[in-house]
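Report on the structure
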Amino acid sequence: MAPHTGQAPPTPSLIVEDDAAERIRLQCMLERLGFEVFTAENGADALALIEGGFSPGLIVSDWQMPQMDGPSLCRRIRQLSGSEQAYFILVTGRTCPSAIEDGLDAGADDFIGKPYRAGELRARVRAGQRELDRRVAARTRTEALANMLADRSASERLLQTDLEAAARLQRRQRPPRLGFVGGIEVGHFSVSAGSLAGDAFGCVALSDHTVGFYLLDVVGHGVSAALNSFALGRVLSSPQAAAELFSVGGRIRPPGEVVGLLNERFQGDDECDQYFTMVYGTIDTASGQGALCQAGHPYPIILRNGATLSEIGHGGYPVGMLPEVRFEDVVFTLGPGERLVIYSDGVPDVADERGQRFGPARLREALLAQPAADVATTLSRLETQLNEWRGSRAWEDDASIMVLARQPETN
């Protein structure tokens, strides 16, 4: 979305202001900046307009209005599919911290205090326009990824529907903590630093005796990282991925080849630098033979017979950071009863109230301290230790752990 340049239609905007003189003033300013301007006298009228199909890119709303005030309007708009990505500026004479907190909680993107100068408003609007451009760039990138992994007709429409609901789904929906995929027990523990997370993980059956698994961490926070993470997680777990990305001509692709394909299609750019780290691998459930590719992610750990552990991997570059990078595989064997532990860097980076990191060494010690624990107990104890370590300190980064366990042999 961008202001009118003579080659593209102007960005639709909505002014919500009960004072007629102020409404006209705002309308003149936005029209000079190239926006197509619509107006409403209060929040209730504005909401009715949007519910009727109008989708503004920019909304400038007064705080105090009859029938429905600005924060209430913003909160309702954030719940509407198709309009929740609008850039919302609140105009208010209330400048105390508690008022600003109330506005941010309602979903506002920016504030401008009364009385304001025309230059200040122009600067705020232009900042909002840049954010709208970045959001469009993020949607364009995820659509490009969908084109690679799905049929252009049905699959693109399915992924687009998923992306539109991703922000809401991620806040209220989490996968089961425990389950089985192809005879491999899989469990996870995951928290996010904010309402949206950049970590995604999953496990999928690639054949009768082969299981694929991944854990990825999109660099950054907020809407762009969350949309890319959600889209990647959904696509990598889809039937189309098993048919088109993970295999070719009846052959299961090696992990490094799969990561290389993702790297080709997910190169960063100046407007939306959203590369990601990941571990992707496969396990033969009959023999326990496996291979994985480590792309800039923390080293996976194999806990052997509950008594020893080893780190595996080659380090590698993040996906989407550099073109034409070679991604290598590392082979491993997961014996009966042994566990593979994969985690994002938010786990060792958890800090206590003094700022000291939990660190990889403590994570290894925590795993070795529970040699006979099952997957559920392992995850529960790790979660408890991390929470006790951080104390009252907030999560500063998304933190995810996935454990894959091969079932022990029975007599």
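Structure: above.
Here is a short report on the structure shown in this document. A quick note: this is a predicted structure, and the numbers were derived from the prediction, not measured. (Residues numbered from 1 in each chain as written. Predicted model: local features only at pLDDT ≥ 70, side-chain atom pairs only at ≥ 80, totals over all residues. Heavy atoms only, no water.)

Together, Arg 32, Arg 122, Arg 126 and Arg 130 line one region of the surface with positive charge. Top contributing element to the positive patch by residue count: helix α5 (residues 118-149), with three residues. Looking at where Arg 122 falls in the secondary structure, it is placed in helix α5. According to the relative accessible area criterion, Arg 122 is partly exposed, its value standing at 34%. (Patch = residues over 30% accessible without salt bridge, like charges linked within 9 Å, V, L, I, M, F, W, Y side chains within 5 Å. Areas by Shrake-Rupley, 256 points an atom, 1.4 Å probe, with all protein chains shown as cover. Salt bridge = Lys/Arg side-chain N within 4 Å of Asp/Glu carboxyl O. Lys, Arg positive; Asp, Glu negative; His and termini not counted. Charge placed at Lys NZ, Arg CZ, Asp CG, Glu CD. Helix = DSSP H or I, 4+ residues; strand = E, 2+ residues; numbered from the N terminus. Buried < 20%, exposed > 50% of the residue type's maximum accessible area, 1.4 Å probe, protein only.)

So, on to the sheet that holds strand β6 (residues 178-181). In space, the six strands of this open sheet follow the order β6-β7-β18-β17-β14-β15, with antiparallel pairing throughout. Since the sheet does not close on itself, it has two edges, and those belong to β6 and β15 (308-311), each with one partner. Pairwise comparison of adjacent strand axes, ignoring direction, gives a mean angle of 20 degrees for this sheet. Two strands pair when backbone bridges link them, and β6 and strand β7 (residues 184-191) are joined in this way by four bridges, in the antiparallel orientation. (Pairing = 2+ DSSP bridges. Axes fitted to C-alpha atoms, helices over the stretch in contact; angles between N-to-C directions.)

Here the focus is the environment of Gly 290. The residue Gly 290 is located in strand β13 (residues 289-295) in this model. When its relative accessible area of 10% is taken as the criterion, Gly 290 is described as buried. On a C-alpha basis, the gap between Gly 290 and Val 331 in space is 5.7 Å, while along the polypeptide they are 41 residues apart. When sequence neighbours within four positions are dropped, the list of residues in contact with Gly 290 reads Thr 282, Ile 283, Val 330, Val 331 and Phe 332. (Contact = heavy atoms within 4.5 Å.)

Time to look at the packing of aromatic side chains. For any two aromatic rings, the description comes down to two numbers: the centre-to-centre distance and the angle of the planes. Counted by the stated rule, this structure contains four aromatic pairs. Relative to Tyr 280, the ring of Phe 246 lies with its centre 5.1 Å away and its plane at 10 degrees, an arrangement referred to as stacked. Of this pair, Phe 246 sits in the loop between α8 (239-244) and β10 (247-248) while Tyr 280 sits in strand β12 (residues 276-284), and the two are 34 residues apart along the sequence. A ring pair is formed by Phe 266 and Phe 276, whose centres lie 5.1 Å apart and whose planes are at 70 degrees; its orientation type is edge-to-face. Pair noted here: Phe 266 is in the loop between α9 (255-265) and β12 and Phe 276 is in strand β12, with a separation of 10 residues, a long-range link. Its relative accessible area of 1% is what places Phe 266 among the buried residues. Given a relative accessible area of 0%, Phe 276 falls into the buried group. (Phe/Tyr/Trp six-rings, centres within 6.5 Å; stacked < 30°, edge-to-face > 60°.)

Moving on: the sheet that holds strand β4 (residues 87-92). Taken in spatial order, the five strands line up as β2-β1-β3-β4-β5 in an open sheet, and their pairing is parallel. A single partner strand is all that each edge strand has here, and the edge strands are β2 (36-40) and β5 (110-113). Taken over all neighbouring pairs, the strand axes of this sheet differ in orientation by 20 degrees on average, direction set aside. Where strand β1 (residues 12-16) meets β2, five bridges bridge the pair, whose relative direction is parallel. Each residue of the ladder has a partner; that of Pro 12, found in β2, is Glu 36. Helix α1 (residues 20-32) rests against β1, β2 and β3 (58-62) of the sheet, and its axis sits at about 165 degrees to β2.

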